[in-house]
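Reading the structure
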Amino acid sequence: MRLDKLTTKSQEALEAAQELAHQHSQQQVDGEHLALALARQQDGIIPTLLQRIGVDLAKLEADPHTLTLIGCFDDQPFAYFEAYWAKEDRIAPFYPADDYDRGIHMLVGEETHRGPHKVASWLSALVHYLFLDDPRTQRVVAEPRADNGKMIGYMHDQCFHCDKEFDFPHKRAALMILGR
């Protein structure tokens, strides 16, 4: 990869990710390092998105049950994802969660990264990563709004099935499940 071809913000994020890895005595820079660097980046799109939806980054960083991920196309951040252990999340009472089921929350910032082709690309990559991250994971779940027909349709296209609809205090949700 030619770093001189990256934007200044992307170069800064990579440098910050390398520093995070070094601070934790890790020789390799992983996605988690880059996600955290992007989330901490001043004047970047990710902190702006997090602030808009009321996400407390310090709280997320301290939560061992949640993995924060930043989606990028061509080294440009476009989305914020959270992966969590379903059995330890608010979704657990609504289905028989296994110990290693993973759940995902997704927030895509730009309209250009929505639509069937883009969603097929990033959603399949995200799910693939979660299955690789822990081989014991047999299912990935999500709970989009039940009236979000587009997202539910995109998830059906990626072989998720809608198990049922249920009520959270803040929304009616569709329980979407994908098996390994």
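Cut-offs and rules
- Residues numbered from 1 in each chain as written.
- Predicted model: local features only at pLDDT ≥ 70, side-chain atom pairs only at ≥ 80, totals over all residues.
- Heavy atoms only, no water.
- Buried < 20%, exposed > 50% of the residue type's maximum accessible area, 1.4 Å probe, protein only.
- Helix = DSSP H or I, 4+ residues; strand = E, 2+ residues; numbered from the N terminus.
- Pairing = 2+ DSSP bridges.
- pLDDT = per-residue confidence, 0-100.
- Axes fitted to C-alpha atoms, helices over the stretch in contact; angles between N-to-C directions.
- Parallel < 35°, antiparallel > 145°, perpendicular 65-115°, else oblique.
- Left-handed = near helix turned anticlockwise from the far one by under 90°.
- Contact = heavy atoms within 4.5 Å.
- Nonpolar A, V, L, I, M, F, W, Y, C, P; charged D, E, K, R; others polar.
- Polar contact = N/O pair within 3.5 Å; in protein donor to acceptor, adjacent residues only side chain to side chain.
- Core = buried A, V, L, I, M, F, W, Y, C linked by side-chain atoms within 4.5 Å.

The element strand S3 (residues 102-108) is largely enclosed, with a buried count of five among its seven residues. Here strand S2 (residues 76-85) pairs with S3 via seven bridges, running antiparallel. Note on S3: the bridge partner recorded for Phe81 is Met106. For S3 and strand S4 (residues 139-142), the ladder comprises three bridges, and the chain directions are parallel. Across the sheet, residue Ile104 finds its bridge partner in S4, namely Ala142.

Quick look at the confidence of the model for the protein now. A low pLDDT score tells you not to read the predicted coordinates there in detail. The predicted model of the protein has a mean per-residue pLDDT of 84, with 88% of residues at 70 or higher. Ranking the elements of the protein by mean pLDDT puts helix H4 (residues 57-62) last, at 70, and S4 first, at 98.

Between helix H5 (residues 116-133) and helix H6 (residues 149-157), whose axes approach to 10 Å, the crossing angle comes to 55 degrees. Here H5 lies oblique to H6, going by the angle between them. Read as a crossing pair, H5 and H6 show a hand that is right-handed. When H5 is examined against H6, the residues Pro116, Val119, Trp122 and Leu123 are found in contact with a partner set consisting of Met151, Tyr154 and Met155. Looking at the contact of H5 with H6 residue by residue, the class counts come to seven nonpolar, no polar and no charged.

The next thing to look at is the side chain of Asp101. Summarising the element assignment, Asp101 is placed in the loop between S2 and S3. A distance of 2.8 Å separates a polar atom in the side chain of Asp101 from a polar atom in the side chain of Tyr95. At 2.9 Å, the side chain of Asp101 and the side chain of Arg139 are in polar contact. When near neighbours in sequence (up to four residues on either side) are disregarded, Asp101 contacts Tyr84, Trp85, Ala86, Tyr95 and Arg139.

What follows deals with the sheet that holds S4. The strand order across the open sheet built from six strands is S1-S2-S3-S4-S6-S5, with neighbouring strands paired in mixed fashion. The open sheet is flanked by strand S1 (66-73) and strand S5 (161-167), the only strands paired with a single partner. Neighbouring strand axes in the sheet, compared pairwise and without regard to direction, differ in orientation by 30 degrees on average. Across the face of the sheet, H5 comes into contact with S1, S2, S3, S4 and strand S6 (172-179) while running at roughly 150 degrees to S3. Its contacts with the sheet put H6 on S3, S4, S5 and S6, and the angle it makes with S6 is roughly 10 degrees.

With that out of the way, let us pick up the nonpolar core. Among the nonpolar cores identified, the biggest contains 25 residues, and Ile104, Trp122, Leu123 and Phe160 are the most heavily contacted of them. Contributing elements (two or more residues each) for this core: S1, S2, S3, H5, S4, H6 and S6. Tallying contributions element by element places H5 first for this core, with seven residues. The contacts of Ile104, once residues within four sequence positions are left out, are Glu82, Tyr84, Leu123, Leu126, Leu130, Val140, Val141, Ala142 and Phe160.

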